[in-house]
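# Observations on the model geometry
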Amino acid sequence: MFTNPQTLWIEILVIALTILFLGFVFGRYIYKKVKHLPTGECEMCHKSKKQMLKEYHKLYK
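A short tour of the structure in this document, coming up. (Residues numbered from 1 in each chain as written. Predicted model: local features only at pLDDT ≥ 70, side-chain atom pairs only at ≥ 80, totals over all residues. Heavy atoms only, no water.)

To continue, consider the overall build of the chain. Scanning the chain for helices and strands turns up 2 helices and 0 strands. Carbon and sulfur atoms make up 70% of the accessible area of the chain, which totals about 6,100 Å². (Helix = DSSP H or I, 4+ residues; strand = E, 2+ residues; numbered from the N terminus. Areas by Shrake-Rupley, 256 points an atom, 1.4 Å probe, with all protein chains shown as cover.)

Shown next as structure tokens:
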């Protein structure tokens, strides 16, 4: 790593993009925790409950 000067910029770019991606993932998780939004498996349950309630109200007005 960092031995070939011709590929140095590619290695730095890959490291920077990896750090940005992980920062985005952790930042999104922390944001959801702070705002008390569902995370993980509960997020999927929450979405399906909303959809089910929407269909219920549409069927039984």
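For the rest of this paragraph, the subject is a nonpolar patch on the surface. There is a patch of nonpolar side chains on the surface, built from Phe-21, Leu-22, Phe-24, Val-25, Phe-26, Tyr-29, Ile-30 and Val-34 and spanning about 850 Å² of accessible area. With a relative accessible area of 58%, Val-34 lands in the exposed category. (Patch = residues over 30% accessible without salt bridge, like charges linked within 9 Å, V, L, I, M, F, W, Y side chains within 5 Å. Salt bridge = Lys/Arg side-chain N within 4 Å of Asp/Glu carboxyl O. Buried < 20%, exposed > 50% of the residue type's maximum accessible area, 1.4 Å probe, protein only.)

Once that is clear, we can look at unusual backbone geometry. Trans is the common state for peptide bonds, and a negative phi is the common state for residues other than glycine. Even without a glycine there, the phi angle at His-36 is positive, about 60°. You can see His-36 is positioned in the loop between α1 (8–34) and α2 (41–59).

Right, let's get into the packing of aromatic side chains. With the rule as written, the count across this model stands at 1 aromatic pair. Considering the side-chain rings of Tyr-56 and Tyr-60, the 5.2 Å spacing of their centres and the 50° angle between planes classify their relative orientation as tilted. (Phe/Tyr/Trp six-rings, centres within 6.5 Å; stacked < 30°, edge-to-face > 60°.)

Here we come to α1. Taking 1.5 Å of rise per residue, the 27 residues of α1 would be expected to cover 39 Å, and the 38 Å separating its terminal C-alpha atoms lies within 8% of that figure. Once α1 ends, the next one or two residues include His-36, with phi positive near 60°. (Expected span 1.5 Å × (residues − 1).)

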